[in-house]
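Coordinate inspection notes
As a plain string of letters, each chain reads:
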Amino acid sequence: MAATFSLLKHSIIPKKPHQPQSKLPVLSNPTKQIISNESINPPKLFTEIIHHLKSPSLPLKTLALHFFLDTKDATAVNGEFGIWEGRSFALVHPIVMGGFFFYTLCAGYLGWQWRRVRTIQNEINELKKQVKPTPVTPEGKPVEAAPSPLELKIQQLTEDRKELLKGSYRDRHFNEGSILLGFGGFEAVGGGVNTWFRTGKLFPGPHLFAGAAITVLWATAAALVPSLQKGSETARNLHIALNAVNVILFIWQIPTGIDIVFKVFEFTKWP
């Protein structure tokens, strides 16, 4: 009976399966272990991190790409915009606006010459009203006489007007004014954008406010063109006044612009 009981016990109670134990040590806190190694041997830790990151999806070249593309040493602020923060693009604004200053004077000269074409004609018309009728003989033939000083002046003004018409001052003034409005306005805004690229901010002051005023005056003077074409004398006088103020602001802005150029050379590098 004892033998029978023993046989039943072995057949009913299952045996526990054999579980092989791993010989690898178990880390209770891997993060803590890494930190500990970092404090002990930093170069070895950096090598292990690079080894783990080196995979087909993240090659080691990708990790080094940042160091090859770093342009902070050649820029004025943080290198976020690369060459746009450099000295080359910073000097574009003063060079272009310096050219536009002389271009503004040229456009003003052309406009003044076109004004002379109109004013000379008005003067001729007024002088013709003062000319006395030519005397005639009893037979009705005009008496031959030397031209009066008034008539000589009319002839001279007529010749001057013909010469002025050959210069096509009206079309040239219109074309140069359009270029000033388009490219001048673009570069005026571009100067502020470049300052932000280099410094991360704008500097409210005489140069900035005068530049904004010049741009507004360009636009306002151009807006009077339809009235000018209709012959409005008020629009003509206002157009001249606005552009005269524009030139004065331009001249007043030159010293502050030169100071900014010196700062560009001081705080920026090529390119």
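Residues numbered from 1 in each chain as written. Predicted model: local features only at pLDDT ≥ 70, side-chain atom pairs only at ≥ 80, totals over all residues. Heavy atoms only, no water.

**Observations regarding the overall build of the protein chain**
When helices and strands are tallied, the protein chain shows eleven helices and zero strands. Its helices and strands in sequence order give the protein chain the pattern α-α-α-α-α-α-α-α-α-α-α, from N to C terminus. Counting every position in the protein chain, which comprises 271 residues, the buried fraction comes to 21%. Only carbon and sulfur atoms are counted for the fraction: they give 66% of the accessible area of the protein chain, which is about 20,300 Å². (Helix = DSSP H or I, 4+ residues; strand = E, 2+ residues; numbered from the N terminus. Buried < 20%, exposed > 50% of the residue type's maximum accessible area, 1.4 Å probe, protein only. Areas by Shrake-Rupley, 256 points an atom, 1.4 Å probe, with all protein chains shown as cover.)

**Structural notes on the environment of Leu 217**
Positionally, Leu 217 belongs in helix 9 (residues 206-223). Leu 217 gets classed as buried once you look at its relative accessible area, which sits at 13%. In this structure, the C-alpha to C-alpha distance between Leu 217 and Leu 181, residues 36 residues apart in sequence, is 9.5 Å. Discounting chain neighbours no more than four positions away, the residues touching Leu 217 are Leu 242, Val 245, Asn 246 and Leu 249. (Contact = heavy atoms within 4.5 Å.)

**Describing the nonpolar core**
One finds Leu 110, Val 117, Ile 120, Ile 124, Leu 127, Ile 154, Leu 157, Leu 164 and Tyr 169 forming the largest nonpolar core, which totals nine residues. Within the residue set of this core, elements represented by two or more residues are helix 6 (92-130) and helix 7 (149-166). Among residues more than four places away in sequence, those in contact with Tyr 169 are Tyr 109, Leu 110, Gln 113, Trp 114 and Leu 164. Residues Met 97, Phe 100, Phe 101 and Phe 250 belong to the second largest nonpolar core, which totals eight residues. (Core = buried A, V, L, I, M, F, W, Y, C linked by side-chain atoms within 4.5 Å.)

**Considerations on the layout of surface pockets**
Quantified by volume, the largest pocket comes out at close to 1,100 Å³. Surrounding the largest pocket, 40 residues form its lining, His 93, Thr 195, His 207, Gly 257 and Ile 260 being those nearest its centre. A per-class count over the lining of the largest pocket returns 22 nonpolar, 15 polar and three charged. Its volume calculated, the second largest pocket comes out at about 910 Å³. Looking at the lining of the second largest pocket residue by residue, the class counts come to 14 nonpolar, eleven polar and five charged. (1 Å grid on protein atoms, 1.4 Å probe; cavity = no way out; pocket = protein on both sides within 12 Å on 5 of 7 lines; lining within 4 Å. Points joined across faces, edges and corners; volume = space filled by probe spheres on them. Nonpolar A, V, L, I, M, F, W, Y, C, P; charged D, E, K, R; others polar.)

**Overview of the packing of helix 6 against helix 7**
It is at 9 Å that the axes of helix 6 and helix 7 come closest, and there the two elements cross at 155 degrees. Between helix 6 and helix 7, the angle falls in the class roughly antiparallel. Crossing angle aside, the handedness with which helix 6 passes helix 7 is left-handed. Between helix 6, through Gln 113, Arg 116, Val 117, Ile 120, Gln 121, Glu 123, Ile 124, Leu 127, Lys 128 and Gln 130, and helix 7, the contact on the second element is made entirely by Leu 150, Lys 153, Ile 154, Leu 157, Thr 158, Asp 160, Arg 161, Leu 164 and Leu 165. Taken together, the residues of the contact of helix 6 with helix 7 sort by class into nine nonpolar, four polar and six charged. (Axes fitted to C-alpha atoms, helices over the stretch in contact; angles between N-to-C directions. Parallel < 35°, antiparallel > 145°, perpendicular 65-115°, else oblique. Left-handed = near helix turned anticlockwise from the far one by under 90°.)

**Examining the confidence of the model for the protein chain**
The share of residues in the protein chain with pLDDT of 70 or more is 71%, and the mean pLDDT across the chain is 77. Across residues 1-40, where pLDDT falls below 50, the model places four contacts with residues more than four positions away in sequence or in other chains. Taken as a whole, residues 53-76 scores under 50 in pLDDT and shows 20 contacts with residues more than four places along the chain or in a different chain. (pLDDT = per-residue confidence, 0-100.)

**Some thoughts on the packing of aromatic side chains**
Counted by the stated rule, this structure contains six aromatic pairs. An aromatic cluster is built from Phe 101, Phe 102, Trp 218 and Phe 250, whose rings are joined through pairwise contacts. (Phe/Tyr/Trp six-rings, centres within 6.5 Å; stacked < 30°, edge-to-face > 60°.)

**Describing the pattern of salt bridges**
Side-chain pairs of opposite charge can arise where the charged atoms are in close proximity. Enumeration according to the criterion identifies five salt bridges in this entry. A salt bridge links Lys 166 to Glu 163, with the nearest nitrogen and oxygen atoms 3.4 Å apart. In this pair, Lys 166 and Glu 163 are both assigned in helix 7, three residues apart and thus about one turn of the helix distant. When salt bridges that share partners are traced, they join Arg 115, Glu 233 and Arg 236 into one network. (Salt bridge = Lys/Arg side-chain N within 4 Å of Asp/Glu carboxyl O.)

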